[in-house]
Amino acid sequence: MKLSRRLLLSGAAIALSAPAYLRMGLAQSAPIVIGSMTPLTGGGGPYGPEKSDAHRAVVAKVNADGGVMGREVVLVSENSETNPEAAVRAARKLIDADGVSAILGTWASSVTLGIMPLCQEADVLQLYSGSSDYLPDADRKGICFNLQPLNRAWAVALADLAVQRGFKEVGFAGPKNDFASSMGESFGESMQKLGGSISGEPFYYNPDQASYRAEAEQLIQLDAPALFIAGYITDFTPMFRELVRGGYTGQIFALSFAVGPEFKTAVGDAANGILHGSPVPPIGKDSYDAYLELVGLTPNGQVQASYGCMAYDEINLCLLGMEAAKSTEAAAVAAEIRKIANGPGDRITTFAEGKALISAATPMNYDGASSSVDFQPNGMLQSRDFALYEIEDGTDTILLTTTSSATE
Amino acid sequence: MESYLVAILTTASVYAILAMALNLQYGLTGLMNFGIVGFFGIGAYASGIVTETLGQPMVVGTLAAMVVAGVAGALISLLSLRLSGDFLAIVTLGFAEAMRLAFNNEDWLTRGPRGFLIMTRPVLDGLSREATPWFILAVFAAATLVTYLLLARLARGPFGRVLRAIREDDLVPATLGKNVLLYRLQVFVLGSAVMALAGSFYAHYIQTITPQNFTTPVAILVWMSVIVGGAGNMAGAVVGALVITFIYEGTRFLAPWLSGLDPTQISSLRFVIIGVLLIAMIRFRPEGILPERVAPSRRDADKSPPPQTRRGTT
């Protein structure tokens with residue numbers, strides 16, 4: 001095929017102008033455009049689809065019930081690829097081409113932070129889940145909300161458990177990423193408050209390695225009575241294997257998402273005795289069950305779709321905020337989201353309930369599927385349920401569920 | 001929509017500068033540099049550190065970035081340029097990975113995985129919000145143009161002829177008394193500095209850089225730009241970068257026609273489409289959109305058609 005200049009030029013012109021025609025068609029009904037940017041591939045790949053499903057399920061229901069401010073809600077999905085470079089390009093498209101009023105669903109802190117300057121400049125609301133302690137720093141306009149508690153809250157609960165079990169000195173290890181490195185700092189502080197300490201320095205390793213033998217040897221030489229390894233399943237599993245092989249007999253603390261069913265089948269009996277914890281949705285609560293049923297899951301008393309339930313709250317809050325503000329302007333919507341999330345007012349759990357109260361001008365308090373959803377002034381969550389487990393005979397035995405406060 | 005096009009063209013101009021640098025190294029000289037992101041990252045971080053940590057203006061940051069990357073390029077090339085093509089590819093790939101790990105672990109300098117915030121932007125004070133993206137695009141386009149003029153001039157001149165000779169068979173220029181190592185070194189250093197220029201601009205444009213911004217997929221994108229555009233042709237590198245960006249970004253707009261699929265499937269399909277388009281381009285136009293053209297020497301200009309280059313025939 002010979003690509004002539006004329007063909008190239010005309011082809012490029014048609015392709016470039018196509019979205020403009022599309023937009024002209026849409027502008028007549030003036031829908032509300034919301035961006036859903038979830039990690040559909042890459043490190044967050046296992047969690048992106050449930051987040052994107054939750055967004056779509058809520059939007060479908062809201063549109064069927066008459067939309068927001070009587071306008072249709074259009075959800076534009078993009079893949080963050082769990083990579084800030086790709087996410088910035090996707091965010092450019094959402095903001096500049098689709099004209100979204102909000103971007104929901106980012107998962108990795110590097111992605112959330114990566115697109116934040118763009119969103120701030122264009123006055124685009126961000127609702128996301130992330131736990132890096134650095135997240136609140138870049139939100140100058142107060143238009144970001146986080147549905148996941150920051151690491152400080154996780155660290156408090158795990159340090160409590162360690163001290164209760166008689167471990168005053170715990171070694172810390174984690175992959176070198178923003179999540180684990182801020183976890184290391186927070187865990188050290190929490191241990192100190194309880195009169196304990198971290199053995200030596202927090203130890204960071206590079207994720208995605210072929211072998212963790214050298215790292216495991218170093219940890220064993222630390223000779224700590226207990227180790228907290230803040231890894232993901234992909235690095236925690238080989239690291240744990242090397243520790244067992246190297247003869248480490250101390251107590252292991254981990255994060256629940258690293259020791260799921262895959263981990264337990266991979267290591268067998270060796271998993272017994274591991275203590276782990278993570279933020280959990282309120283199992284058995286009506287709002288959580290309502291979410292599960294909406295996306296076609298059956299409540300079974302276990303943690304399911306732990307990121308999807310946060311996405312459900314993201315989209316509900318975003319749409320409620322717009323309905324209440326009678327606008328899609330970020331600052332106004334953010335102010336309403338604060339009121340709706342924190343109350344005081346009548347308890348609501350869905351958009352439909354909230355819409356009814358808004359038209360009756362009654363104050364409300366949104367109770368979500370992932371938590372009661374109350375925000376601090378900086379947009380970070382005040383508290384969330386946190387469950388601690390021990391692995392016994394290959395299954396998780398719940399030790400306790402606390403509401404870990406992020407404000408202490 | 002126009003603001004989206006402005007943003008995408010701004011990003012594309014960063015890729016275009018990277019592609020021209022790679023074209024100098026690979027297209028003209030045949031050096032297999034897979035470590036583009038290493039130099040790109042050095043440029044971004046060096047510029048960020050000079051402007052934010054040391055409080056200098058962006059011009060100083062960009063110049064410092066080019067110097068630092070040039071020195072790094074010189075060291076890498078002295079280590080590895082005597083090695084032939086494949087080995088250089090492996091060494092540079094390793095260098096890029098080592099740099100990413102350094103950015104990730106040297107928190108005191110780069111703030112590690114939490115990301116480096118850059119407040120210095122390539123704009124004039126008092127510019128309105130509407131005018132800012134256009135101004136940034138103008139700055140980036142000007143940088144692309146200047147890079148193009150300089151590198152195209154180099155490629156056309158005697159220097160470029162020696163580089164092509166080295167690419168085809170390094171024994172020939174060596175026999176003619178050319179210092180092949182010195183030429184390769186110069187090309188590598190110049191290319192690295194130009195990549196750092198792109199890195200510096202990119203960093204000040206997106207304002208938050210993390211080590212994750214400098215992973216191999218970016219290098220692949222630049223390689224595709226050079227190959228699709230036409231290796232050996234400077235204008236081809238620019239066109240290639242524009243075409244690749246257009247394919248990457250344009251495929252996003254297919255989603256409204258695929259309403260039967262869920263976002264995960266659409267996103268996967270998008271990568272399939274990108275792959276098929278690239279394969280089709282290479283299948284039907286292996287020499288690139290703008291193939292390399294070598295001016296015939298004065299002596300036989302009127303006797304024979306221009307000599308076919310190696311790449312033109314394969």
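This is a predicted model, so every value here is computed, not measured. (Residues numbered from 1 in each chain as written. Chains lettered and ligands numbered in written order. Predicted model: local features only at pLDDT ≥ 70, side-chain atom pairs only at ≥ 80, totals over all residues.)

Thoughts on the overall build of chain B
Okay, step 1: When helices and strands are tallied, chain B shows 13 helices and 2 strands.
Okay, step 2: For chain B, whose C-alpha radius of gyration is 20 Å, the value lies close to the compact-globule estimate of 20 Å for 314 residues.
Okay, step 3: Once the C-alpha set of chain B is aligned to its principal axes, its extents read approximately 60 × 50 × 35 Å.
Okay, step 4: Taken over 314 residues, chain B has a buried fraction of 49%. (Helix = DSSP H or I, 4+ residues; strand = E, 2+ residues; numbered from the N terminus. Rg over C-alpha atoms; globule rule 2.2 N^0.38 Å. Buried ≥ 20, exposed ≤ 12 C-beta atoms within 10 Å, placed from the backbone.)

A look at the nonpolar core
Okay, step 1: Among the nonpolar cores identified, the biggest contains 208 residues, and Leu18(B), Ala19(B), Met20(B) and Ala196(B) are the most heavily contacted of them.
Okay, step 2: In this structure, Ala19(B) is in contact with Val222(B), Ser225(B), Val226(B), Gly229(B), Ala237(B), Val238(B), Gly240(B) and Ala241(B), ignoring residues within four places of it in sequence. (Core = buried A, V, L, I, M, F, W, Y, C linked by C-beta atoms within 7 Å. Contact = placed C-beta atoms within 7 Å.)

A look at the environment of Thr237(A)
Residues and elements named next belong to chain A.
Okay, step 1: Tracing the backbone shows threonine 237 in helix H8 (residues 233–245).
Okay, step 2: Each C-alpha atom of the pair threonine 237 and valine 259 lies 8.0 Å from the other, and the pair is 22 residues apart in sequence.
Okay, step 3: Not counting the four nearest positions on each side in its chain, threonine 237 is found in contact with Phe263 and Ala266.

Some details on the packing of helix H1 (residues 2–28) of chain B against helix H11 (residues 234–250) of chain B
Residue and element names in this part refer to chain B.
Okay, step 1: Close contact between H1 and H11 brings their axes to 8 Å; oriented N to C, the two are set at 135°. For the element pair H1 / H11, the angle class is oblique. Taken as a pair, H1 and H11 cross one another with a handedness that is right-handed. Between H1, through Ile8, Thr11, Ala12, Tyr15, Ala16, Ala19, Met20, Asn23 and Gly27, and H11, the contact on the second element is made entirely by Met234, Ala237, Val238, Gly240, Ala241, Leu242, Ile244, Thr245 and Glu249. (Axes fitted to C-alpha atoms, helices over the stretch in contact; angles between N-to-C directions. Parallel < 35°, antiparallel > 145°, perpendicular 65-115°, else oblique. Left-handed = near helix turned anticlockwise from the far one by under 90°.)

A look at the confidence of the model for chain B
Residue and element names in this part refer to chain B.
Okay, step 1: Averaged over all residues, the pLDDT of chain B equals 89, while 92% of them reach at least 70.
Okay, step 2: Taken element by element, the predicted model of chain B shows its lowest mean pLDDT in helix H13 (residues 310–313) (49) and its highest in helix H2 (residues 36–53) (96).
Okay, step 3: Interface predicted TM-score (ipTM) for the complex: 0.81; the corresponding pTM is 0.84. (pLDDT = per-residue confidence, 0-100.)

Thoughts on the pairing of strand S9 (residues 226–229) of chain A
Okay, step 1: Direction of pairing for strand S6 (residues 169–175) of chain A relative to S9(A): parallel, over a ladder of 4 bridges. Each residue of the ladder has a partner; that of Ala173(A), found in S9(A), is Ile229(A). (Pairing = 2+ DSSP bridges.)

Things to note about the sheet that holds strand S2 (residues 73–79) of chain A
Residues and elements named next belong to chain A.
Okay, step 1: Here 5 strands make up an open sheet; going across it, the order is S2-S1-S3-S4-S5 and the pairing parallel. Two strands close off the open sheet at either side, each with one partner strand: S2 and strand S5 (144–146). Within this sheet the neighbouring strands show an average axis-to-axis angle of 20°, counted without direction.
Okay, step 2: In this sheet, S2 lies alongside strand S1 (residues 32–38) in parallel orientation, the contact comprising 7 bridges.

Focus on the interface of chain B and chain A
Okay, step 1: Across the contact, 33 residues belong to chain B and 36 residues belong to chain A.
Okay, step 2: Of all the secondary-structure elements, those providing two or more residues to the side of chain B that touches chain A are H1, helix H4 (85–105), H11 and helix H12 (263–284) of chain B.
Okay, step 3: In terms of residues, the side of chain B that touches chain A owes the most to one element, H1(B), which gives 5 residues.

Some remarks on the environment of Pro281(A)
Residues and elements named next belong to chain A.
Okay, step 1: Looking at the element boundaries, proline 281 is found in the loop between strand S11 (275–279) and helix H10 (286–294).
Okay, step 2: Separated by 168 residues in the primary sequence, proline 281 and leucine 113 have C-alpha atoms spaced 25 Å apart.
Okay, step 3: Sequence-distant contacts of proline 281, that is, excluding residues within four places in its chain, are made with Tyr288, Val303, Ser306, Cys309, Ala369 and Ser370.

Thoughts on the confidence of the model for chain A
Any segment with low pLDDT has predicted coordinates that should not be analysed in fine detail.
Okay, step 1: Averaged over every residue, the pLDDT of chain A is 88; the share at 70 or more is 92%.
Okay, step 2: For the stretch residues 24–28 of chain A, pLDDT sits under 50, and the model shows 1 contact to residues farther than four places along the chain or on other chains.

Things to note about the pairing of S2(A)
Okay, step 1: Of all the 7 residues making up S2(A), 6 are buried; the element is thus mostly covered by neighbouring parts of the structure.
Okay, step 2: For the crossover that starts at S1(A), traverses helix H2 (residues 48–64) of chain A and ends in the parallel S2(A), the hand is right-handed. (Right-handed = clockwise from strand over helix to strand, strands pointing away.)

Focus on the packing of helix H3 (residues 84–97) of chain A against helix H4 (residues 109–121) of chain A
Residues and elements named next belong to chain A.
Okay, step 1: Closest axis-to-axis distance for the H3/H4 pair is 9 Å, and the angle between their directions is 40°. As judged from the angle between their axes, H3 and H4 are oblique. The handedness of the crossing between H3 and H4 is right-handed. Residues Pro84, Ala87, Val88, Ala91, Arg92 and Ile95 of H3 form the contact with H4, whose own contacting residues are Ser110, Val111, Gly114, Ile115 and Leu118.
Okay, step 2: Class assignment of the residues belonging to the contact of H3 with H4 gives a composition of 8 nonpolar, 2 polar and 1 charged. (Nonpolar A, V, L, I, M, F, W, Y, C, P; charged D, E, K, R; others polar.)

Observations concerning H8(A)
Residue and element names in this part refer to chain A.
Okay, step 1: Look at H8: 18 Å from first C-alpha to last across 13 residues, which is about the 18 Å you get at 1.5 Å a residue.
Okay, step 2: Residues of H8 that are buried: Asp235, Phe236, Met239, Phe240 and Leu243. Along the axis of H8, the buried positions cluster into a sector of 125°, meaning they face one direction only.
Okay, step 3: Of the surrounding secondary structure, the elements contacted by the buried residues of H8 are S6, helix H7 (213–222), S9, strand S10 (251–255) and helix H9 (261–267). (Expected span 1.5 Å × (residues − 1). Arc of directions from axis to C-beta.)

Quick notes on H2(B)
Residues and elements named next belong to chain B.
Okay, step 1: With 18 residues, H2 extends 25 Å between its outermost C-alpha atoms, agreeing within 8% with the 26 Å of an ideal straight helix rising 1.5 Å per residue.
Okay, step 2: Burial of H2 is extensive: 16 of the 18 residues sit out of reach of the surface.
Okay, step 3: With its phi angle positive at about 70°, glycine 55 sits one or two positions after the end of H2.

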